[in-house]
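# Observations on the three-dimensional arrangement
These are the residues of each chain, in order.
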2 protein chains.
Amino acid sequence: MATVSRAVNESSLVTAATRQHVAAIARRLGYMPHGGARSLATRRTHTIGVLLPDLYGEFFSEVIRGIDLTVRDVGYHCLVSSARHNGAQLEAAIRSMLGRVDGVILMSPEFTGEISRRTLHGGFPVVLLNCPSPDPAFDSLTIANYEGAYDMVRHLAQLGHRRIAIIQGAAGNFDAAERLRGYRAAMRDAGLAPDSDVEFAGDFTEESGAEAARAMLAMPDRPTAIFAANDCMAIGALAALREAGVSVPDQVALGGFDDIPMARYVTPALTSVHVDISALGERTAARLLAKLEGPADARRIRDTLPATLVVRRSCGALQN
Amino acid sequence: MATVSRAVNESSLVTAATRQHVAAIARRLGYMPHGGARSLATRRTHTIGVLLPDLYGEFFSEVIRGIDLTVRDVGYHCLVSSARHNGAQLEAAIRSMLGRVDGVILMSPEFTGEISRRTLHGGFPVVLLNCPSPDPAFDSLTIANYEGAYDMVRHLAQLGHRRIAIIQGAAGNFDAAERLRGYRAAMRDAGLAPDSDVEFAGDFTEESGAEAARAMLAMPDRPTAIFAANDCMAIGALAALREAGVSVPDQVALGGFDDIPMARYVTPALTSVHVDISALGERTAARLLAKLEGPADARRIRDTLPATLVVRRSCGALQN
DNA sequence: CAACTGAATGTAACCGTTTACATCCGAAGC
DNA sequence: GCTTCGGATGTAAACGGTTACATTCAGTTG
């Protein structure tokens, strides 16, 4: 049976003749190698775990896509698990993957150093994706949320807007918090007083964007510009504004975040902050693969993916 | 070590005292069960394989979401693999999952009975998702593509349109073919002559929709209605029409397919055919789980998920 | 022709669990 | 005090492969 194993794995130790002989018999018997057994013996599963807070929306699917794309080229699979993870669930999810993956990509605000020490105790390969990363013991990739939001709001301020509202992302969300931080910093740097009345709540859904816009319209001195913390909310706001007969960008300027494919197809086309989400997944996966394949490298990497302003019609900067 | 195993698995054969004793020592030693070894011994991986043609676009991410949602409730994971599968790649992908999953969900037009017999030889649990399914030996779930397209085109015809164009989906795609079939049947039943000049090519992308619309506008006797085989193309067409100064729905009526979330937020809101994609994933996963958990049931199930017309402004049926 | 090669094949331990079966042990029955 | 009994624990054989090491077997050498 050693020879069979070697033949199947194309080892150079078997002659071409035996290899073919084995192949022929295997075919006749309908033999197929058992992946699980193989990885038990080799201690390599060629699988990476992907832990996501949820699978909803374009963002996550794009991330997964990027990950799978890079990973499958080198013969790896993705074992995905999406749960809105509170600490205990997250830990359980990690544990359940423990003998099935070579490493994990973790996207969860809930991940704490304590969990890591207790369940990952020591050198289990992990790359954090878009996490607050309280723990510098892990590699992590993030989006330039702060910078992107800052650029957007500065752009709106440069267009002459003095009262700029924000529709915030989901409470407790890392991206949301960073984008808010960028908004506030840009406001301050533009010499604009912070005003919590124009910091509307939201949760990244179209509906919450529409609601915030309606609330804004009811204000006595309503803002002349809105920065929505993602495109879905921006599009929701756009629909609400149109319904109320308020013209974008003439009466209210609007900017989003994420630059989803749809952004360029709404009317007016949505000014947004572009993030190459698929690339984020790719880079993260590549980093994890490097840890798995390459020699142990103690260096921890913290990488930030740029977010670039894309100016379209909804902010009013463009003619026609 | 048998006792440890029993303690970890909460077997009723160990006393509470030993169970706690084991737990304490496990904690001190940082012991965690090895999933791979466990599944080798039990011959259950609690994992299902999901084979997709690609991961691009809202459709696939929604399907995965539905699958993962149902599957995780019963403690299963998803091992996903997305490759544009030609026959050989598909077979390789299945083989590579063979000892790692309890069953697979397969979404691929390339799946043939021959592959199945060669690599699945016999009773490996499979559920086909939106496949042409040449092989009645498998359970399969599909979308009512034909019926949905038929309803849409009949609707347009009832609004008085005589020349109705279609922007087709990707060549070789099963959904695309079915939607085309529905379009043609509806045309015929409405007493409208088929005309290959108004059957435009497309590939499900926004850009291809825009191109088809531009080509249509250049025609001497241009159609008064367009049925795009998915919403992305419809939105692309919408953008092209607007650019050309052609009003929707006044000059050209437009309908899409899929009813993606964005459909209601474009202007005018897009008439479409609604399919609950997430539910498609859920149902498929539930079917596979039934095969895995329940007793072997020889009955093969072919299920079709309904597709329902959603009338919005873009078709011109609604006032204001 | 015996000893020495080195490539090809065979043997058996191991990967980390589960589980059928054997064993142990204390309480109850005689 | 010696069986009997049943519940808790221990033993060892799987599960299906990989791989270090031992062995075989030609084909050289001296």
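For the structure itself, look to the data block above.
Below, the structure is looked at part by part.

Parameters at a glance
- Residues numbered from 1 in each chain as written.
- Chains lettered and ligands numbered in written order.
- Predicted model: local features only at pLDDT ≥ 70, side-chain atom pairs only at ≥ 80, totals over all residues.
- Heavy atoms only, no water.
- Helix = DSSP H or I, 4+ residues; strand = E, 2+ residues; numbered from the N terminus.
- Near = heavy atom within 4 Å.
- Polar contact = N/O pair within 3.5 Å; in protein donor to acceptor, adjacent residues only side chain to side chain.
- Salt bridge = Lys/Arg side-chain N within 4 Å of Asp/Glu carboxyl O.
- Buried < 20%, exposed > 50% of the residue type's maximum accessible area, 1.4 Å probe, protein only.
- Contact = heavy atoms within 4.5 Å.
- Buried area = accessible area lost by both parts, 1.4 Å probe.
- Nonpolar A, V, L, I, M, F, W, Y, C, P; charged D, E, K, R; others polar.
- Pairing = 2+ DSSP bridges.
- Phe/Tyr/Trp six-rings, centres within 6.5 Å; stacked < 30°, edge-to-face > 60°.
- Lys NZ or Arg CZ within 6 Å of the ring centre and 35° of its normal.
- Axes fitted to C-alpha atoms, helices over the stretch in contact; angles between N-to-C directions.
- Parallel < 35°, antiparallel > 145°, perpendicular 65-115°, else oblique.
- Left-handed = near helix turned anticlockwise from the far one by under 90°.

## Some thoughts on the environment of S5 of chain B
Tracing the sequence through the fold places S5 of chain B in helix α1 (residues 2-8). Distance from S5 of chain B to G169 of chain B, taken between C-alpha atoms, is 54 Å for residues 164 residues apart in sequence.

## A short note on the protein's contact with DNA strand C
Taken together, the neighbourhood of DNA strand C is formed by 24 residues, with T18 and R43 of chain A together with M1, S5 and N9 of chain B sitting nearest. Sugar plus phosphate, as a fraction of atoms of DNA strand C within 4 Å of the protein: 63%. One of the side-chain N or O atoms of Y31 of chain B is found 3.3 Å from a phosphate oxygen in DNA strand C. Broken down by secondary-structure element, the contributors of at least two residues to the surface near DNA strand C are α1 (2-8) and α3 (35-42) of chain A together with α1 and α3 (35-42) of chain B. Among the elements that line the surface near DNA strand C, the one with the most residues is α3 of chain B, at four residues.

## Let's talk about the pattern of salt bridges
All names here are of chain A. In this structure the tally under the stated criterion is 34 salt bridges over all chains. A salt bridge links R312 to D259; the shortest N-O distance between them is 3.0 Å. In this pair, R312 is assigned in the segment after β12 (308-310) and D259 in the loop between β9 (253-255) and β10 (272-274), connecting sequence segments 53 residues apart. R312 gets classed as buried once you look at its relative accessible area, which sits at 11%. When salt bridges with common partners are traced through the structure, they connect D139, R287, K291 and R300 into a single cluster.

## Brief notes about the interface of chain B and chain A
When the parts of a complex come together, some accessible area is lost, and that lost area is often used as the size of the interface. With 48 residues of chain B in contact, the opposing surface of chain A contributes 48 residues. For the chain B and chain A pair, buried surface summed over both sides reaches about 4,400 Å², with 57% attributable to carbon and sulfur atoms. There are zero salt bridges connecting chain B and chain A. Inspection of the chain B/chain A interface yields 16 residue pairs in polar contact (both at pLDDT 80 or more). Breaking the side of chain B that touches chain A down by element, the ones donating at least two residues are α3, α4 (57-73), β2 (77-82), α5 (87-97), α9 (206-217) and α10 (231-243) of chain B. Its residues placed into classes, the side of chain B that touches chain A shows 20 nonpolar, 17 polar and 11 charged. Sheet analysis places strand β2 (residues 77-82) of chain A next to β2 of chain B, joined by three bridges and oriented antiparallel. Residue pairing across strands places C78 of chain A opposite V80 of chain B, the latter belonging to β2 of chain B.

## Quick notes on the packing of aromatic side chains
A complete count under the given rule lists four aromatic pairs over all chains for this structure. The interplanar angle of 50 degrees and the centroid separation of 6.4 Å between the aromatic rings of F227 of chain B and F257 of chain B together place this pair among those described as tilted. In this pair, F227 of chain B sits in strand β8 (residues 225-228) while F257 of chain B sits in the loop between β9 (253-255) and β10 (272-274), placing the two residues 30 residues apart along the sequence. Neither F227 of chain B nor F257 of chain B differs from the other in exposure class; each is buried. We note R179 of chain A situated over the ring of F257 of chain A; from NZ or CZ to the ring centre the distance is 3.8 Å.

## What about the protein's contact with DNA strand D?
In the vicinity of DNA strand D lie 24 residues, with S5 and N9 of chain A together with A2, T18 and R43 of chain B positioned nearest. Near-protein atoms of DNA strand D (within 4 Å) split between backbone and bases, with sugar and phosphate holding 61%. In the environment of DNA strand D, a base nitrogen lies 3.4 Å from a nitrogen or oxygen atom belonging to the backbone of A37 of chain A. Separating a base oxygen of DNA strand D from a backbone N or O atom of A41 of chain B is a distance of 3.5 Å.

## Details of the sheet that holds strand β8 (residues 225-228) of chain A
Residues and elements named next belong to chain A. Taken in spatial order, the four strands line up as β7-β6-β8-β9 in an open sheet, and their pairing is parallel. Of all strands in the sheet, those with a lone pairing partner are β7 (199-200) and β9, marking the two edges. Bridge count for β8 against β9 is three bridges, and the pairing is parallel. Note on β9: the bridge partner recorded for F227 is G255. Together, β6 (164-167), β7 and β8 form the strand contacts of helix α8 (residues 174-189), whose direction differs from that of β6 by roughly 175 degrees.

## Overview of the packing of helix α7 (residues 145-158) of chain A against α8 of chain A
Residues and elements named next belong to chain A. Taken N-terminus to C-terminus, the directions of α7 and α8 make an angle of 40 degrees; their axes are 7 Å apart at the nearest point. One finds that α7 runs oblique with respect to α8. Relative to α8, α7 is oriented so that their crossing is right-handed. Here N145, Y146, A149, Y150, V153 and R154 of α7 come into contact with α8, specifically with D175, E178, R179, R181, G182, Y183, A185, A186, M187 and D189. Across the contact of α7 with α8, the residue classes tally to eight nonpolar, two polar and six charged.

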